[in-house]
Amino acid sequence: MLEKIITKKEAKVFLFLFVISIIYILPILNADRYYIDDLGRSIWGYSKWGVNGRPLADIIMASISFGYPLLDISPLPQIAGLAFICASLSVSLCRIAPDFGQSAIIASALCFIINPFMLENLSYKYDALPMLLSASLLVLSFSFGRKWWHLPVPAFMVICSLSLYQATLTLFASMAVIEFVFSARDFRGKILEAMIRVLQLVSGYLFYSAYIGPNFIQGSYNISHSETILSQPDMVSKAIENSTGFVDLIDAYLTGIPDWIMFITASLSIVGLVFLLIESVRKESEKNIYKIIVTFIIALAPVALVAFSFAHLSLLKFPVYAPRVMISFGGVMLIVGLLCCKSMIGRIGLLPLFVFSFVFCIAYGNTMKSQKEFDGYISAEISSVINKQNNEYKFISIAGKMPVSEQYRLAVSKFPLMKELVPIYMDNGWGWGSALLAHYGADYKFKQINQEIKSGVCKKTPVFESTKYDLYDLDDMIIVMFKGFNC
């Protein structure tokens, strides 16, 4: 009965992939640092994903927490999310590329897991499960066949995925391209299947946009970040401008990879692509028009997947430039893995990339841990000093940026992407700085530093001075001013 759902090959691939993936994320689990939104959820127990158009995330996290308030039950969400993504990759890739052996599928799927931007998704103690489950549903959509009762399921999965985390959307398009390139169907079958995938994606997206998003998204921040530039006259130029921020993230990752690893991986990918093109041309039974179309799509597939990793984000009026929204870059990593894994030499050639990625993750986890310890030292000191003032403060504001650990400084100098992955919470107008202080006893309502506050503070003498920061009070507000902030 079980083999009707999952084959022995798929089960073995999942087991090996999941074990390797758990080893990969151990440095993140060991760092045990509250990641951005975790700071608020861990002490106030809210979810509030629904107001961001993610109601299914609320339902799932409240369910596994047995209601509200949400408690810190990490690493369960991270491990569960990883299990879902490993299972979906194992099942779908075995069905998309049935000619690939177990080792080839495992190596290819592992390329998706080592997507460097997904390190941020994996770092959330609460949000890891909704984010990874969102990606998993899109990948799993490609395990269903072409029988008529299978066709609506992927569209439903698109709706569920968007209700968990919208940034994964174009991963469906990336998987559709991968299916087109690697499936064993004839040319006309490939084109028909591609048209079905477009219909599934569009119908799922339109349903979400019409019935779910508008009824849940609330608040000026969430509304503004969901608005698009599609109606603007300068849409094309604005989209290109937005794209540069995401290209910079990719560049930050590639800059940290040794050139020889880049050369080996790129060369093996190109060789694999050439073999695919030769195979398509040799299928003489098909008409030339189909041969031309399929060959053209295969040749452009890697470029298309790079574009898909951030295309939907570039159409937003106010895009968020953060690694977590680039989870669809996993599609790029996946096609690189599949192209390399067409041969044993290619699979061996991927080993340097795997080793580098594991080392990068270890460095990331240790940098997170060192910054967590430094956060604790600075925050505990500030909170202690504030509490000794014996004033009944209601508000807190932060001016300037807190210093960073020396390990953080060194890691960023070697791997530029580390600066985007490891957040520094007490940074001017970022409210998570006050949430961090609340963990150490300084629980006050946050106010962003503005010109009025700045003018008032700069005329006063500090109530406390140190080598790293000064404290000022202004009426019922305490201001933490780090060295380097200019009045």
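Since this is a predicted model, take the numbers as computed values, not measurements.

This part covers the overall build of the protein. Helix and strand content of the protein: 22 helices and 5 strands. Computed over C-alpha atoms, the radius of gyration of the protein comes to 24 Å, within 12% of the 23 Å expected from 2.2 N^0.38 for 487 residues, which places it in the range of a compact globule. Seen through its principal axes, the protein has C-alpha atoms that stretch 85 × 50 × 50 Å. Sorting the 487 residues of the protein into buried and exposed places 52% on the buried side. Partitioning the intrachain contacts of the protein with sequence separation of at least 6 by distance along the chain shows that 79% fall at a separation of at least 24. Counting every atom, the protein has about 21800 Å² of accessible surface; 65% of that belongs to carbon and sulfur. In the protein, the 40 positive side-chain charges and the 36 negative ones have mean positions that sit 7 Å from each other.

What follows is about the nonpolar core. Residues L89, I113, F182 and I382 are the most contacted members of the largest nonpolar core, which totals 129 residues. Sequence-distant contacts of F182, defined by excluding residues within four places in its chain, comprise I96, A97, F100, K190, L276, I335, L338 and L339.

We now examine the packing of aromatic side chains. Aromatic ring pairs are reported here in terms of the distance separating the ring centres and the angle at which the planes meet. Tallied over the full model, the rule gives 18 aromatic pairs. Ring geometry for F356 against F415: centres 5.8 Å apart, planes inclined by 80°, an arrangement best described as edge-to-face. Of this pair, F356 sits in helix α18 (residues 351-387) while F415 sits in the loop between α19 (406-414) and α20 (418-421), and the two are 59 residues apart along the sequence. As far as the burial class goes, F356 and F415 line up, both buried.

With that settled, the discussion passes to helix α13 (residues 259-281). Helix length check: α13, at 23 residues, gives a terminal C-alpha distance of 33 Å against a target of 33 Å (1.5 Å per residue), a fit within 8%. Buried within α13 we find I261, T265, L268, S269, G272, L273, L276 and S280.

The rules we used
- Residues numbered from 1 in each chain as written.
- Predicted model: local features only at pLDDT ≥ 70, side-chain atom pairs only at ≥ 80, totals over all residues.
- Heavy atoms only, no water.
- Helix = DSSP H or I, 4+ residues; strand = E, 2+ residues; numbered from the N terminus.
- Rg over C-alpha atoms; globule rule 2.2 N^0.38 Å.
- Buried < 20%, exposed > 50% of the residue type's maximum accessible area, 1.4 Å probe, protein only.
- Contact = heavy atoms within 4.5 Å.
- Areas by Shrake-Rupley, 256 points an atom, 1.4 Å probe, with all protein chains shown as cover.
- Lys, Arg positive; Asp, Glu negative; His and termini not counted.
- Charge placed at Lys NZ, Arg CZ, Asp CG, Glu CD.
- Core = buried A, V, L, I, M, F, W, Y, C linked by side-chain atoms within 4.5 Å.
- Phe/Tyr/Trp six-rings, centres within 6.5 Å; stacked < 30°, edge-to-face > 60°.
- Expected span 1.5 Å × (residues − 1).

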